[in-house]
Every structure is written in structure tokens, then in C-alpha cells.
Amino acid sequence: MSAATRYWLFRIGSVAAILGSILAGVGNGVHPITPRDDSEGVARVIADSDAWTLIHVAILLGIILMLIGIVTFRHSIEGGRAEALARLGTHAAVIGATIGLITIVLDGVAAKQLADAWAVAPDAEKSVALGLVSTNETLNFALAGLFNMSFAGVPFAFLGLAVVDSGVFPRWFGWVGALAGVGSIGAGLFQMFTGRPTVASLILTIIGPTVIVIWTLVMGVMVGLRAAESRLALLSSGGPL
């Protein structure tokens, strides 16, 4: 990879990581809270939310941009065990992002359409329509647990360890990412074993993803600083950008 290509990769990837983190973080922050153990309450919250699909589109774009940032992180770590860990984390992130996009479409598009259909259904058809909403929510909850493991969990556990081993970025920062990844793996497993929303699963699925979103944002800033250093080196050597 030429110096100019590396500069543009770091520059574009850092912007993607920062924007993706902001979109995903804000989207999750403004996501309407649905009640537990209340199928009709869940359907009502979804049907009454005019921004439900828009919020999920923002989260979807955020995940795509975060994945681009992760690919950039992998190229910022070179050599030996650290690069091997970064490569494995990136491959895992591709799998996790794919699962995440499916989960978000189920929750943001399918759930909204089913809830809207329930809201206007005749009384005789309400129970059937509500059953469809509940079925979709069950599938979404199961996939969300897998998403936590495969995107917020395994990739960041590997990437965090790669940062620790690389010496390119602060070691303590790598441990933060690795521990957040391990925590997200645990949260995903807990969610899948419980099979339904609980207070514990809700708390666990908030902490891990929140930390990895912040971690990705900060990592994007640090990679952006490396891009600036690359630019200065290219300009001083007279190389093309």
C-alpha cells in the first residue's frame, strides 16, 4: 500500500468510524422504550412512533460506517500477533454487521408495518395481528442476542487485544475494548438463554454496546491523527496525495 493510499484510508476510515459511532449512539439513545411482558404495549409504542423506522435507518447506517472504521483499524495495526488478532476481529465484524443489519430491518421495518396493521385491524382480527407482532419481536430478540455476541462482542475482544499487543495505541485503551467485547459476549449469551427481555438483559445489552460505540469513536479520532501525521510526512517528502 502506497503512502498516499494509506493516508486516504486512514482519513476516510476515521471519519466513517466517528460518524458511524455518533449515528449508532444517538439512534440507540432516542430509541423508544418498549414495555416488558406486554405485547399490546409493545405494539402500541411501535405504532405510535412516527420516527421508528427513521431511528433504525440511522442505526443501520451507523453500523455500516463503524464496520468501515473497523477495517481501517485493522490496517493501522501491522505485524505479528497484533495484526493476526486485528484481521480475525475484522472478519468477525463482517459477520456480526450482517446479522445486525438483518436484526435492525426486522425491528425497524417489519415490526413497524406489523404494528401499524395491528393498530387499524378490526377487533375480530386484533389478536392475530398482535400475534404477528409478538412473533416478530421474539425473532428480533433472539437475533439481537446473536448480534451482541458477533458484532459488539467477538470483534472488539480481538481488536482490543490487537491494540494491547501492537504498541501503536495506548495499551490501557486496548484493554477497555477487549473487556467491553467480552462483556458483550456475556450479554448476548444471557439474552439468548433467557429468551425474553429482562431487567438484567436490558442493562447488560446497554453497557457493552455503549462502551464499544465510544471506543470506536475515540479509535476513529486516533486513526485520524495518524492520517494527519501521514499527510505531513507526504508533504515534507514532496509525495502526491
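The structure presented is a predicted model; accordingly, all values stated were derived computationally and were not measured.

Calculation criteria
- Residues numbered from 1 in each chain as written.
- Predicted model: local features only at pLDDT ≥ 70, side-chain atom pairs only at ≥ 80, totals over all residues.
- Heavy atoms only, no water.
- Helix = DSSP H or I, 4+ residues; strand = E, 2+ residues; numbered from the N terminus.
- Buried < 20%, exposed > 50% of the residue type's maximum accessible area, 1.4 Å probe, protein only.
- Axes fitted to C-alpha atoms, helices over the stretch in contact; angles between N-to-C directions.
- Left-handed = near helix turned anticlockwise from the far one by under 90°.
- Nonpolar A, V, L, I, M, F, W, Y, C, P; charged D, E, K, R; others polar.
- Expected span 1.5 Å × (residues − 1).
- Core = buried A, V, L, I, M, F, W, Y, C linked by side-chain atoms within 4.5 Å.
- Contact = heavy atoms within 4.5 Å.
- Patch = residues over 30% accessible without salt bridge, like charges linked within 9 Å, V, L, I, M, F, W, Y side chains within 5 Å.
- Areas by Shrake-Rupley, 256 points an atom, 1.4 Å probe, with all protein chains shown as cover.
- Salt bridge = Lys/Arg side-chain N within 4 Å of Asp/Glu carboxyl O.

> Looking at this structure, how should I read the overall build of the protein chain?
Helices and strands together make up the secondary structure of the protein chain, namely 7 helices and 0 strands. In the protein chain, the succession of α and β elements from N to C terminus is α-α-α-α-α-α-α. C-alpha extents for the protein chain along the principal axes are approximately 75 × 35 × 20 Å. Residues counted as buried form 44% of the 241 residues belonging to the protein chain.

> Teacher, can you tell me more about the packing of helix 1 (residues 3-30) against helix 3 (residues 52-75) here?
Helix packing for two helices is described by the angle between their axes and how far apart those axes are. The N-to-C vectors of helix 1 and helix 3 enclose an angle of 145°; their axes lie 6 Å apart at closest approach. Crossing geometry of helix 1 relative to helix 3 is assigned as left-handed. Across the contact of helix 1 with helix 3, the residue classes tally to 16 nonpolar, 9 polar and 1 charged.

> Quick question: what am I supposed to make of helix 1 here?
Structural remark: α-helix, 3.6 residues per turn; residues separated by three or four positions point the same way. With 28 residues, helix 1 ought to run about 40 Å at 1.5 Å a step, and its terminal C-alpha atoms sit 41 Å apart, in line with that. Buried within helix 1 are the following residues: Ala4, Arg6, Tyr7, Phe10, Gly13, Ser14, Ala16, Ala17, Gly20, Ser21, Ala24 and Gly27.

> It is not clear to me how the environment of Ile206 should be interpreted in this structure. Could you clarify?
Checked against the element boundaries, Ile206 lands in helix 7 (residues 199-237). As for Ile206 and Gly29, which are separated by 177 residues in sequence, their C-alpha atoms are 9.8 Å apart.

> How do you make sense of the nonpolar core when you look at a structure like this?
Looking at soluble globular proteins, one finds that nonpolar side chains tend to be buried together. In this structure, Phe151, Trp215 and Met219 are the most contacted members of the largest nonpolar core, which totals 36 residues. Taken together, the elements giving at least two residues each to this core come down to helix 1, helix 3, helix 4 (80-120), helix 5 (126-166), helix 6 (171-194) and helix 7. Setting aside its immediate chain neighbours within four residues, Trp215 contacts Phe73, Phe156, Leu159, Gly160, Val163, Phe173, Val176 and Gly177.

> Can you walk me through a nonpolar patch on the surface in this structure?
A contiguous nonpolar patch, built from Val57, Leu61, Ile64 and Ile68 and spanning about 300 Å² of accessible area, is present on the exposed surface. Within the secondary structure layout, Leu61 lies in helix 3. Taking relative accessible area as the criterion, Leu61 reaches 42% and is therefore assigned partly exposed.

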